[in-house]
Amino acid sequence: MDDGAIEAAKRRAGERAAEAVTDGDVVGLGTGSTAAFAIRAIGDRVDAGLDVRGIPTSYQAADLAREVGIPRCTLADATPDVAIDGADQVAAGALLKGGGAAHAREKVVDAAADRFLVVADERKAVAVLDGPVPVEVLPDAVPTVRDAVEGLGGEPVRRDAERKDGPVVTDNGNLVLDCGFGAIEEPAGLAADLDGVPGVVAHGIFVDLADVVYVGTGDGVEERTV
């Protein structure tokens, strides 16, 4: 798929998921380019009279929600009826997220929602997760978390910023280690191991959270259960 086809596929997936939002819903608003299409589509429906509130998962999502006129709230105000978010990879029973370094807040909101809808283009659908696992880490804990990841067979690399010197800093003020494990045959097991490492705030493996995946293709949208 060329760049234009990829953008069109993302738009189709995001707009299809936005159709699942109903009047009165509280919606978890994901982060990233595909989720942004869903947020814009929800904004169009709000402009047409839809009554919803959104819980953004990042500053980026909050800014876009504000731009398109979606009223915002927090988890302290309400529980999401539905969350719509993207993924870097989608496999049976598991997702890999965190390319935008928002996975800590995304995981909290997505897990709290009654329904979690994933939006992705067809490049993201894989048989087995095999990308680097983003791990958000307390800054002081980076050395010990790095050692623990290596002990689990991973290769941790600090994520550095592209347009500033130094590391990427998350919305929560933490750092990110991108940890290569190769093919992840048992994502639930690796997720549990990473959850148990002191200093890890959140990692990008989402296990058994998604209810539906909308996969944008070259000519439509495939709806898949996970």
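Residues numbered from 1 in each chain as written. Predicted model: local features only at pLDDT ≥ 70, side-chain atom pairs only at ≥ 80, totals over all residues. Heavy atoms only, no water.

Visitor: How should the pairing of strand β6 (residues 115-121) be read in this particular structure?
Guide: When a strand is regular, its side chains alternate between the sheet's two faces. Of all the seven residues making up β6, six are buried; the element is thus mostly covered by neighbouring parts of the structure. Direction of pairing for strand β3 (residues 82-86) relative to β6: parallel, over a ladder of five bridges. What sits directly across from Val 82, in β6, is Arg 115. Taken together, the five bridges between β6 and strand β12 (residues 212-216) define a ladder with parallel strand orientation. (Buried < 20%, exposed > 50% of the residue type's maximum accessible area, 1.4 Å probe, protein only. Helix = DSSP H or I, 4+ residues; strand = E, 2+ residues; numbered from the N terminus. Pairing = 2+ DSSP bridges.)

Visitor: Any chance you could explain unusual backbone geometry here in plain terms?
Guide: Trans is the common state for peptide bonds, and a negative phi is the common state for residues other than glycine. For Ala 101, which is not glycine, the phi torsion reads 60 degrees and is therefore positive. Along the polypeptide, Ala 101 turns up in the loop between β5 (94-96) and α4 (103-112). Phi is positive for Asp 208, which is not a glycine, with a value near 55 degrees. Relative to the helices and strands, Asp 208 resides in the loop between β11 (205-207) and β12. When its relative accessible area of 63% is taken as the criterion, Asp 208 is described as exposed.

Visitor: Sorry, what's going on with a negative patch on the surface here?
Guide: A cluster of acidic residues, Glu 15, Glu 19, Asp 44 and Asp 47, forms a negative patch at the surface. Positionally, Asp 44 belongs in helix α2 (residues 33-47). (Patch = residues over 30% accessible without salt bridge, like charges linked within 9 Å, V, L, I, M, F, W, Y side chains within 5 Å. Areas by Shrake-Rupley, 256 points an atom, 1.4 Å probe, with all protein chains shown as cover. Salt bridge = Lys/Arg side-chain N within 4 Å of Asp/Glu carboxyl O. Lys, Arg positive; Asp, Glu negative; His and termini not counted. Charge placed at Lys NZ, Arg CZ, Asp CG, Glu CD.)

Visitor: What am I meant to see in the nonpolar core here?
Guide: Among soluble globular proteins, nonpolar side chains are generally buried collectively. Membership of the largest hydrophobic core comes to 27 residues, with the highest contact counts inside it found for Val 21, Ile 42, Val 52, Ile 70, Ile 84 and Tyr 214. Secondary-structure elements contributing two or more residues to this core are α1 (3-18), β1 (26-29), α2, α3 (59-68), β3, β6 and β12. The element best represented in this core is α2, accounting for six residues. Filtering out sequence-adjacent residues up to four positions away, Ile 84 remains in contact with Ala 17, Ala 18, Val 21, Gly 28, Leu 29, Gly 30, Ala 35, Ala 38, Ile 42, Leu 117 and Val 119. Counting residues in hydrophobic clusters, the runner-up holds 22 residues, among them Val 142, Ile 184, Leu 194 and Ile 205. (Core = buried A, V, L, I, M, F, W, Y, C linked by side-chain atoms within 4.5 Å. Contact = heavy atoms within 4.5 Å.)

Visitor: Explain the packing of α1 against α2 here, please?
Guide: Two quantities define a packed helix pair, namely the angle between the axes and the distance from one axis to the other. Their axes nearest at 7 Å, the elements α1 and α2 cross at an angle of 50 degrees. Considering their axes alone, α1 and α2 lie oblique with respect to each other. The crossing of α1 and α2 is right-handed. Counting all contacts with α1, which are made through Glu 7, Lys 10, Arg 11, Ala 13, Gly 14, Glu 15 and Ala 18, the residues of α2 involved are Ser 33, Thr 34, Phe 37, Ala 38, Ala 41, Ile 42 and Arg 45. (Axes fitted to C-alpha atoms, helices over the stretch in contact; angles between N-to-C directions. Parallel < 35°, antiparallel > 145°, perpendicular 65-115°, else oblique. Left-handed = near helix turned anticlockwise from the far one by under 90°.)

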